[in-house]
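Chain residues, written in single-letter form:
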Amino acid sequence: MNVKSELEKADAWMRENGFEIVDQPEEIGASPPSVKRLDVISAQELQSKELQKQEFVIEGLVPHGLTAIGAPPKSYKSFMCLDMAISVCTGEPFMGFKTRQCDVLYLDLESTLRRPKERMGMILGGREAPENLYIATKADMLGKGFEEQIEEEKKRHPDIRFVIVDVFKKIRGAGTKNKDPYERDYEDFGAMKSVADRLNMAILLVLHTTKMKHPDDPFNEIAGSAGVMGALDAAIALKKENRQDKTAKMYTTGRDFEEQCYEIEFDNVSAFKWKRLGTAEEIARQRREEEYENSPITKTIRKLLEQNGGVWTGITSDLINASKCFKGCTIYGNVQEVGAKMVDYTDLRLKKDNITTIRKKARAGRRVYKFAYATDATDATDATDATDATQESFL
C-alpha cells in the first residue's frame, strides 16, 4: 500500500466535507514539546552568583545532606549518636566540635524505649533531658512510607534539622538477586539524600562495618558497595585494633571538608561518652615524646653529659654498659635495636634537651656517636650524619 497516496486521498475527502486543515510546520531548531529544557547557567553568571555556604549541624563532621557512620557491633556507636543528638539539641560542643542548635529526631530502631532512656540517663548524669529531642523506635520502610513520616514530623516540629537513623538496615527492604548491589545502594542512599536536601536538614545513617579489613582506606569497611560513598555528603568510620581496646580511631571525610583521623576514647565509668583525644598525628607525636622521656637511653645520655662536661663519645655497646652504672637507667635490647632507637630520637634530643647527635663510621665498621650540648644555632644545624669520617675525627 502506498501510504502517501492514501494520506492524500484522506486529505482531499476532509476538504470536500468541510473540514478545515491547518498546516503547522515545525519551526526549525525548536525543541519538541515533550522535551524538558535543562536549567543552564553560564560560567560567568555562576562566577558572580552568591551561593549559600555549606551548613553543618556539627562543624567539620555532620553537614546538611546525607552522612553515614560505620562502626563494628558493640562499639558504643549508639551512645555516640545519642550524645550527638543531645549536644545538638542543647547547642553544646560534641567531642570538641561546635554544634548548631536545633531540634533532633532520633530513630533508635534496634531498641525499645527502655534502652534510649537508660543511655540518656547515663549520658546526662542527672541533668534534665532536652525537650527538643524526639525519639521513636519504629518507622516504616524506605519507599513505603518512611519519607512521608519524616516530612510529617518536619511539619509538626519545623525546627527539626537533624535526623539520626540507628540503624539504616531496619528501614531498607530486602535486595533482590537480580538487582546489582551498586545500583540498589545508590538508589536507597540517593532516596535518603533527596529527603535531606528537600527538607534542608542533616540525616545521619548508622551502618555496620564489614569484617574484611582495609588498612589503606577505612571507609571501604563501611558495609555496602561503592555506591554508598558515591551518594554521601560525609562519612565517619570508627575503627578499633582490638575489640577490648578503650581507644579507637575516628576517620572523617566529606565533600566540603578535609579528611581527618582522630583518636577517641569511650568513658564507660562516669560520663559514658566518647571524647576526642586529638588527631592521630597529635597523639602519635605525644606518645613518641612520652616514650623519649621515659627511655633509659635518654636518661643515660643525660647522665653521661652531666659527668663529662657536656660531651660524650662512644659506640652503642659503650652506652649500654654505661647505663648499668646509673640507677633506673639500665638499657635492655641488643646493639641493633638500641642503635636504631638512638637514631630515631635524634630530633627529640635536640628539641627537648638541646643535645646534638653526630653519627660516624669507625674503621671496624661500627657506628660511633658523639652527643653534645648545642652551644648555638650553628651547632644544631651542623649536627648531621657523616658516614665517611673516622673515629679519630671526633677527638
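Residues numbered from 1 in each chain as written. Predicted model: local features only at pLDDT ≥ 70, side-chain atom pairs only at ≥ 80, totals over all residues. Heavy atoms only, no water.

### Considerations on empty space enclosed by the protein
Sizing a probe to match a water molecule and rolling it over the atoms shows the empty space that remains. Per the stated rule, a full pass over the model turns up 1 cavity of 30 Å³ or more. In this structure, the largest cavity spans a volume of roughly 30 Å³. As for the largest cavity, its lining consists of Pro72, Ser75, Leu238, Lys239, Lys240, Ala248, Ile264 and Trp274. The residue makeup of the lining of the largest cavity, split by class, is 5 nonpolar, 1 polar and 2 charged. (1 Å grid on protein atoms, 1.4 Å probe; cavity = no way out; pocket = protein on both sides within 12 Å on 5 of 7 lines; lining within 4 Å. Points joined across faces, edges and corners; volume = space filled by probe spheres on them. Nonpolar A, V, L, I, M, F, W, Y, C, P; charged D, E, K, R; others polar.)

### Describing the pairing of strand β3 (residues 65-71)
For β3, the buried fraction is high: 7 of the 7 residues fall into the buried class. The pairing of β3 with strand β8 (residues 234-239) spans 4 bridges and is classified as parallel. Each bridged residue has a counterpart across the sheet, and for threonine 67 the counterpart in β8 is alanine 234. (Buried < 20%, exposed > 50% of the residue type's maximum accessible area, 1.4 Å probe, protein only. Helix = DSSP H or I, 4+ residues; strand = E, 2+ residues; numbered from the N terminus. Pairing = 2+ DSSP bridges.)

### Some remarks on the sheet that holds strand β10 (residues 257-266)
Across the sheet, 9 strands lie side by side as β5-β4-β6-β7-β3-β8-β9-β10-β11; this open sheet has mixed pairing. Edge strands, defined here as strands with exactly one partner in the open sheet, are β5 (133-136) and β11 (274-279). This sheet shows a mean twist of 20° between the axes of neighbouring strands, independent of strand direction. For β10 and β11, the ladder comprises 5 bridges, and the chain directions are antiparallel. Note that in β11 the partner of isoleucine 264 across the bridge is arginine 276. (Axes fitted to C-alpha atoms, helices over the stretch in contact; angles between N-to-C directions.)

### A few points about the nonpolar core
Grouped together as the largest cluster of nonpolar side chains are 40 residues, with contacts concentrated most on Met80, Phe162 and Met250. By residue number, the principal contributor to this core is helix α3 (residues 77-90), which donates 9 residues. Setting aside its immediate chain neighbours within four residues, phenylalanine 162 contacts Val57, Val62, Met84, Val88, Cys102, Asp103, Val104, Leu105, Ala202 and Leu204. Counting 32 residues, the second-largest nonpolar core is a separate cluster that includes Leu109, Ile150, Phe189 and Ile222. (Core = buried A, V, L, I, M, F, W, Y, C linked by side-chain atoms within 4.5 Å. Contact = heavy atoms within 4.5 Å.)

### What to know about unusual backbone geometry
Peptide bonds are trans in most cases, and residues, glycine excluded, mostly fall at negative phi. The omega torsion of the bond from aspartate 166 to valine 167 falls at 10°, within 30 degrees of zero and hence cis. You can see valine 167 is positioned in the loop between β6 (160-166) and α6 (181-198). In the Ramachandran plot, lysine 74 falls in the positive-phi region, its phi being about 60° despite a non-glycine side chain. Its place among the elements puts lysine 74 in the loop between β3 and α3. A positive phi angle, near 60°, is found at tyrosine 76, a position not held by glycine. Using a relative accessible area of 33% as the deciding quantity, one classes tyrosine 76 as partly exposed.

### Focus on a nonpolar patch on the surface
A cluster of nonpolar side chains, contributed by Ile41, Leu46 and Leu51, occupies part of the molecular surface with about 280 Å² of accessible area. By the secondary structure assignment, leucine 46 is in helix α2 (residues 43-48). Note on leucine 46: relative accessible area 44%, which makes it partly exposed. (Patch = residues over 30% accessible without salt bridge, like charges linked within 9 Å, V, L, I, M, F, W, Y side chains within 5 Å. Areas by Shrake-Rupley, 256 points an atom, 1.4 Å probe, with all protein chains shown as cover. Salt bridge = Lys/Arg side-chain N within 4 Å of Asp/Glu carboxyl O.)

### A look at helix α10 (residues 316-323)
Along α10, the residues that are buried comprise Thr316, Leu319, Ile320, Ala322 and Ser323. Here the buried residues of α10 occupy an arc of 165° about the axis, which is enough to place them on one side. Buried-residue contacts for α10 involve α9 (296-307), β12 (311-315), α11 (335-344) and β14 (367-373). (Arc of directions from axis to C-beta.)

### Some thoughts on the environment of arginine 302
Inspection of the secondary structure assignment puts arginine 302 in helix α9. Judged by relative accessible area, arginine 302 falls into the partly exposed class, the value being 21%. The spatial distance from the C-alpha of arginine 302 to the C-alpha of tyrosine 373 is 10.0 Å, given a sequence separation of 71 residues. Other than its neighbours up to four places away in sequence, arginine 302 contacts Tyr292, Glu293 and Asp353. Within the structure, arginine 302 has its side chain in polar contact with the side chain of glutamate 293 (distance 3.1 Å). (Polar contact = N/O pair within 3.5 Å; in protein donor to acceptor, adjacent residues only side chain to side chain.)

### Structural notes on the side chain of aspartate 185
Take aspartate 185: it is sitting in helix α6. Residue aspartate 185 is classed as buried on the basis of its relative accessible area of 6%. Of note is the side chain of aspartate 185, whose polar atom sits 3.0 Å from the side chain of arginine 172.

### A closer look at the packing of α9 against α10
Packing of α9 against α10 leaves a shortest axis separation of 10 Å and a crossing angle of 85°. Between α9 and α10, the crossing angle belongs to the class labelled roughly perpendicular. Together, Ile297, Thr300, Ile301 and Leu304 of α9 and Leu319, Ala322 and Ser323 of α10 make up the contact between the two elements. When its residues are assigned to classes, the contact of α9 with α10 shows 5 nonpolar, 2 polar and no charged. (Parallel < 35°, antiparallel > 145°, perpendicular 65-115°, else oblique.)

### Side note on helix α12 (residues 346-353)
Listed as buried for α12 are Leu348, Arg349 and Asp353. Viewed along the axis of α12, the buried residues span an arc of 105°, placing them on a single side of the element. Against α8 (280-294), α9, α11, β13 (355-361) and β14 lie the buried residues of α12. Downstream of α12 by a residue or two, asparagine 354 has a phi angle that is positive, lying close to 60°.

### A look at the confidence of the model for the chain
Of the residues in the chain, 85% reach a pLDDT of 70 or more, and the chain-wide mean stands at 86. Low pLDDT, under 50, characterises residues 384-395; the predicted model gives this stretch 22 contacts beyond four residues in sequence or across chains. (pLDDT = per-residue confidence, 0-100.)

### Examining the pattern of salt bridges
Pairs can form between side chains of opposite charge once their charged atoms are near each other. In this structure the tally under the stated criterion is 23 salt bridges. With its nearest N and O atoms 3.4 Å apart, the salt bridge here joins aspartate 108 to arginine 119. Linking aspartate 108 in strand β4 (residues 103-108) with arginine 119 in helix α4 (residues 114-124), this pair joins segments that are 11 residues apart in sequence. No difference in accessibility class separates aspartate 108 from arginine 119, as the two residues are buried. Its salt-bridge partner being glutamate 289, residue lysine 352 comes within 3.3 Å of it at the nearest N-O pair. One end of the pair, lysine 352, is in helix α12; the other, glutamate 289, is in helix α8, and 63 residues separate them in sequence.

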